[in-house]
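# Descriptive structure summary
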Amino acid sequence: MTFPSKPTPPTSIAQLMTRVDAIAGLTLGELAAHYHFKTPKDLLKDKGWIGQLIEWVLGASAGSRPEPDFPELGIELKTIPISYTGKPLETTYVSVTPLINLQNATWQNSVVKKKLNHVLWLPILSERDIRPDQRIIGSGFLWQPTALQEAQLRQDWEELTEMIALGEIDKINGKYGQVMQIRPKAANAKALTNAIGPNGSIIQTLPRGYYLKTHFTQAILSQQFGL
DNA sequence: GGATGATCATAC
DNA sequence: GTATGATCATCC
């Protein structure tokens, strides 16, 4: 029995996009079977399965290093679950939210800006009533923030970072931000990390992450597909 | 139905 | 705990 080995990292954007185009229209089950990748019955305990499968197939660097998925190309891969009508079903995780040592933090050197500089979006028809292996891969495309989109992201980042720096992290909830929000990003509610508290003290709080709101990613999909 | 808060697996 | 990959579960 023969089966494909792990794809090598793409050496050019054109090669990467050729691979992306080649898997459009396939189900995740077909792709997983081809690469002898496990296929869970549901994503309850495999929430990262889709992303990890796609990473493997496209030749993204494995591991949990804080680098873009395609370091040579400077491209970050994001799968995005969409509904039957093509709308995002979930927010999109961007990065951990830094909660301390913010005195020299700027939008320009922020991890959010770096992460979103160049993204390969890959929509997956991923309604919950479709089994994971029956979900269908859509047309992936490259995106870089427009001037307006970057301005929106920057505004949110600056507002939220200022609140954190002023010791107001525990005042922040998912309602803050026009296009990007801060929500918990932790193993469970008992996980704690350092943050700036009242009067500049150090407090313990739930680790947070930056997430793109669905109306923002929906706009990206609309600009691409003209919905 | 959609958004916010909570959580799961894994590597190190 | 932090970082990777996110979706689940609940509340409005």
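Residues numbered from 1 in each chain as written. Chains lettered and ligands numbered in written order. Predicted model: local features only at pLDDT ≥ 70, side-chain atom pairs only at ≥ 80, totals over all residues. Heavy atoms only, no water.

Looking at an unreviewed UniProt entry, one finds chain A named DNA mismatch repair protein MutH and attributed to Pseudoalteromonas tunicata D2. A UniProt comment under Subcellular location (unreviewed entry) is attached to chain A, and it reads "Cytoplasm". We quote the UniProt Sequence similarities (unreviewed entry) comment for chain A here in full: "Belongs to the MutH family." (UniProt positions renumbered as here; feature names shortened; annotations may be inferred.)

## Concerning the pairing of strand β7 (residues 193–196)
Two faces, one strand: in a regular strand the side chains alternate between the faces of the sheet. Relative to strand β8 (residues 202–205), β7 is paired through four bridges, and the arrangement is antiparallel. Bridge pairing in β8 places alanine 195 opposite isoleucine 203. Following β7, the chain reverses through five residues before pairing antiparallel with β8; asparagine 199 in that reversal takes a positive phi of roughly 65°. (Pairing = 2+ DSSP bridges. Helix = DSSP H or I, 4+ residues; strand = E, 2+ residues; numbered from the N terminus.)

## Section: the protein's contact with DNA strand B
Taken together, the neighbourhood of DNA strand B is formed by 20 residues, with Lys45, Lys47, Gly174, Arg183 and Ala189 sitting nearest. Within 4 Å of the protein, the atoms of DNA strand B are drawn from sugar and phosphate moieties in a proportion of 55%. Separating a phosphate oxygen of DNA strand B from a backbone N or O atom of alanine 189 is a distance of 2.7 Å. Threonine 214 is positioned with one of its side-chain polar atoms (N or O) 3.2 Å from a phosphate oxygen of DNA strand B. It is strand β6 (residues 180–184) that provides the largest number of residues to the surface near DNA strand B, a total of three residues. (Near = heavy atom within 4 Å. Polar contact = N/O pair within 3.5 Å; in protein donor to acceptor, adjacent residues only side chain to side chain.)

## Section: the packing of helix α1 (residues 13–23) against helix α3 (residues 49–58)
In a packed pair of helices, the relevant descriptors are the angle between the two axes and the axis-to-axis distance. Contact pair α1 / α3: the axes reach a minimum separation of 10 Å and the direction vectors enclose 125°. With respect to their mutual orientation, α1 and α3 come out oblique. Classified by chirality, the crossing of α3 by α1 is right-handed. Of α3, the residues touching α1 (which contributes Leu16, Arg19, Val20 and Ile23) are Ile54, Val57 and Leu58. (Axes fitted to C-alpha atoms, helices over the stretch in contact; angles between N-to-C directions. Parallel < 35°, antiparallel > 145°, perpendicular 65-115°, else oblique. Left-handed = near helix turned anticlockwise from the far one by under 90°. Contact = heavy atoms within 4.5 Å.)

## Section: the side chain of threonine 205
Of note, threonine 205 is situated in strand β8. Of the residues examined, threonine 205 reaches a relative accessible area of 4% and is grouped as buried. At 2.7 Å, the side chain of threonine 205 and the side chain of arginine 208 are in polar contact. What threonine 205 contacts, discounting residues up to four positions off in sequence, is Leu99, Ile169, Asp170, Ala191, Leu192, Thr193 and Ala195. (Buried < 20%, exposed > 50% of the residue type's maximum accessible area, 1.4 Å probe, protein only.)

## Quick word on the protein's contact with DNA strand C
Within the structure, DNA strand C sits among 27 residues, and Asp69, Lys115, Lys185, Thr193 and Tyr211 are positioned closest to it. In DNA strand C, atoms within 4 Å of the protein come from the sugar-phosphate backbone in 68% of cases. For DNA strand C, a base oxygen lies 3.2 Å from a polar atom in the side chain of lysine 47. Note that a base oxygen of DNA strand C is positioned 2.4 Å from one of the side-chain N or O atoms of lysine 185. Of all elements in the fold, only α3, β1 (76–82) and β2 (92–96) reach the threshold of two or more residues within the surface near DNA strand C. Per-element tally for the surface near DNA strand C: the top contributor is β1, with four residues. Looking at the surface near DNA strand C residue by residue, the classes come out as nine nonpolar, seven polar and 11 charged. (Nonpolar A, V, L, I, M, F, W, Y, C, P; charged D, E, K, R; others polar.)

## Some words on helix α6 (residues 214–225)
When the terminal C-alpha atoms of α6 are compared, their 16 Å separation across 12 residues agrees well with the 16 Å that a helix rising 1.5 Å per residue should span. Taken together, the buried residues of α6 touch β1, β2, β3 (119–125), β5 (141–143), α5 (147–165) and β9 (208–212). Looking one or two residues past α6, glycine 226 carries a phi angle of roughly 65°, positive in sign. (Expected span 1.5 Å × (residues − 1).)

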